[in-house]
There are 2 protein chains.
Amino acid sequence: MDSRNGSVSETPLDAEIESFFDSAPPLKDSAGIIKKLKEFIEYNSTPPGKGSPRRVVCVTSGGTTVPLEQRCVRYIDNFSSGHRGATSTEYFIKAGYAVIFLYRRGTFQPYCQSLPEDPLLECFECSDDSTIQVRQPHTEAVKRAVSDHHAAIAGGHLLKLPFTTIFEYLQILQSIAMSMKDLGSLAVFYLAAAVSDFYVPWKSMAEHKIQSASGPLDMRLVQVPKMLSALKKEWAPMAFCISFKLETDSKILLEKAEMALKKYRMHMVVANELSTRKEEVTVVTGNEKILVCRDKTQADSDVEEPLIELIVGRHSAYVKDSDL
Amino acid sequence: MDSRNGSVSETPLDAEIESFFDSAPPLKDSAGIIKKLKEFIEYNSTPPGKGSPRRVVCVTSGGTTVPLEQRCVRYIDNFSSGHRGATSTEYFIKAGYAVIFLYRRGTFQPYCQSLPEDPLLECFECSDDSTIQVRQPHTEAVKRAVSDHHAAIAGGHLLKLPFTTIFEYLQILQSIAMSMKDLGSLAVFYLAAAVSDFYVPWKSMAEHKIQSASGPLDMRLVQVPKMLSALKKEWAPMAFCISFKLETDSKILLEKAEMALKKYRMHMVVANELSTRKEEVTVVTGNEKILVCRDKTQADSDVEEPLIELIVGRHSAYVKDSDL
């Protein structure tokens, strides 16, 4: 069977995925999202004037949540500030890509990294004639946040789609992938989001808030089906795919990254350890392990700059190979 | 035994609380927090000039998290936007109170309610001469957010303390309560935060990220000790205490609120149902159930305005009674 024709064979994995989507709560405004995606991809594939088509990358960012109750009061959250995804988005745009930024609500946004935690309070003041002014040390950061961000959106190079739960994340990711399928090798997936491995199936979930009667609370969570396989096999089989592996234990990190590379047939797996992830990452490919470090001679450098440079280079080679 | 002398008797509850605090990861900058609290309370107890002492309310806001791993990648979160706590803080300050705002990082802040989700992007623009300007429909909201907020902080009437985990929340709450003890009946606790009922004891927690081997994940969470009892009995026994009860099932809501009122000897329990909590709440006291609704004839009214009015009235009566 040709895995590129989009038909679903009846393997256990496909059945698992089907059951995950069937039992998920319906995505709000699913038609609106698909319409936005179509327009965005069309605009960047056939840009006005004489421009050549832009490559499109889907950057996922932030952690997904797993609701424990249907009327959600409690949920399990996978920690991620979204820093990696937001910064990478800036470099992809700079490198000429159009970015679909699939991000967790409330996490870091592109062009806003150098702002303080509470920008509105810390960056602005009310002057005597009661106009709002930017406070001195923050002028450049605020300008960058406002103007670069507006330029990317207005230029049609950045589409932002928010999610909260694992259900929303996977449903939107599927829509994105299927919309990008026709881009073939020009499509990139940069899957930096921290996705839950376990979830409580919607139908077996308590409808109401779990009561704290006396005694401990026992919970059983089941594994989220491995959607990376479906992405590679069915949704967008020609896309260049980069996934991330985060561990707190450096001893098992590279081994787990290699396993993920093979199992899901990724082109690259970015291995990062929780405590050093802002300093360095190791990019694992089929035959290499490339250590990527931030430029420590520069105070405001980051590891995303050399990482995206490496990825763009490899993606270019991949596009070339696919054209042959 | 006089419960007001602060000594800890060896009841099972006390032992549970002791063991919770003993096993919790140490709070960062605990000495700094206590110093800030002391200065804030002293300033408001003996304000400069001829002002009379301000009453002090501790408003807790947002949900706590329960880490599932020591090097925290995953945690259970109790959902709360922090809207109630942030809005209530504004009304308490307006009514002449000093507010210690104990809030979950990233949740709603006082004076920022009428701003859009991403204020920096939506409210500002870069003009032709590259100065940053407020966009027209948002001028008033931004002014309010910046100037009222600054005025409250600069005036010494608002102290903001952030938390993330259940461990941080309860440790800081204890410090606040003990700092407020000497205020006697002038102290108020308005406990709007959504606090986890269950937690994983720090010492029995996995050090590293839980691996997603095949098969389901079974978790055992134990109950968080009932700190409201300790607050009333030991930490600040004369304070006027209001707690909140949130349920998704209206059938059990009032019954649970009454139980909480009696069990923890609260002065008031605010009962709110998830789906209608922005429209109305029921305040349960020893002999009343008072329905408090927002003024539906006004588009921008909220339920916090009449709620805080009711509480301030009851607190005044309580202060008077305590003086007799």
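We now turn to the structure provided with this report. Quick caveat: nothing in here was measured; it's all calculated off a predicted structure. (Residues numbered from 1 in each chain as written. Chains lettered and ligands numbered in written order. Predicted model: local features only at pLDDT ≥ 70, side-chain atom pairs only at ≥ 80, totals over all residues. Heavy atoms only, no water.)

1. Some words on the sheet that holds strand E13 (residues 280-284) of chain A
Residues and elements named next belong to chain A.
In step 1: Here 8 strands make up an open sheet; going across it, the order is E7-E4-E1-E8-E11-E12-E13-E14 and the pairing mixed. Two strands bound the open sheet, and with one partner strand each, they are strand E7 (158-163) and strand E14 (289-293). The sheet shows a mean angle of 20° between the axes of neighbouring strands, direction not considered. (Pairing = 2+ DSSP bridges. Helix = DSSP H or I, 4+ residues; strand = E, 2+ residues; numbered from the N terminus. Axes fitted to C-alpha atoms, helices over the stretch in contact; angles between N-to-C directions.)

2. Structural notes on the interface of chain B and chain A
In step 1: Taken residue by residue, the interface counts 58 residues in chain B and 59 residues in chain A.
In step 2: When residues of chain B are sorted by the area they lose upon contact with chain A, Leu120, Leu121 and Thr248 of chain B head the list and together hold 12% of the total.
In step 3: At the junction of chain B with chain A, the criterion picks out 2 salt bridges.
In step 4: Where chain B touches chain A, the interface holds 6 residue pairs in polar contact (both at pLDDT 80 or more).
In step 5: If you list the elements that add at least two residues to the side of chain B that touches chain A, you get strand E3 (74-78), helix H4 (119-123), strand E5 (124-126), strand E6 (132-134), helix H5 (139-154), strand E10 (217-223), strand E11 (240-247) and helix H8 (250-263) of chain B.
In step 6: For the side of chain B that touches chain A, the per-class residue count stands at 27 nonpolar, 13 polar and 18 charged.
In step 7: Summarising the sheet, strand E10 (residues 217-223) of chain A and E10 of chain B pair through 5 bridges and their orientation is antiparallel. The partner of Arg220 of chain A across the bridge, within E10 of chain B, is Asp218 of chain B. (Contact = heavy atoms within 4.5 Å. Buried area = accessible area lost by both parts, 1.4 Å probe. Salt bridge = Lys/Arg side-chain N within 4 Å of Asp/Glu carboxyl O. Polar contact = N/O pair within 3.5 Å; in protein donor to acceptor, adjacent residues only side chain to side chain. Nonpolar A, V, L, I, M, F, W, Y, C, P; charged D, E, K, R; others polar.)

3. Quick look at the pattern of salt bridges
Residue and element names in this part refer to chain A.
In step 1: Enumeration over the complete set of coordinates arrives at 26 salt bridges over all chains.
In step 2: Between Arg314 and Glu288 there is a salt bridge; the shortest N-O distance is 2.8 Å. Here the residue Arg314 occupies a position in helix H9 (residues 304-323), and Glu288 occupies one in the loop between E13 and E14, the gap between them amounting to 26 residues.
In step 3: A residue is classified by how much of its surface remains accessible, and Arg314, at 29% relative accessible area, is partly exposed.
In step 4: Overall, Glu288 belongs to the partly exposed group, its relative accessible area being 29%.
In step 5: Several salt bridges share partner residues, and in doing so they unite Glu90, Arg144 and Asp148 into one network. (Buried < 20%, exposed > 50% of the residue type's maximum accessible area, 1.4 Å probe, protein only.)

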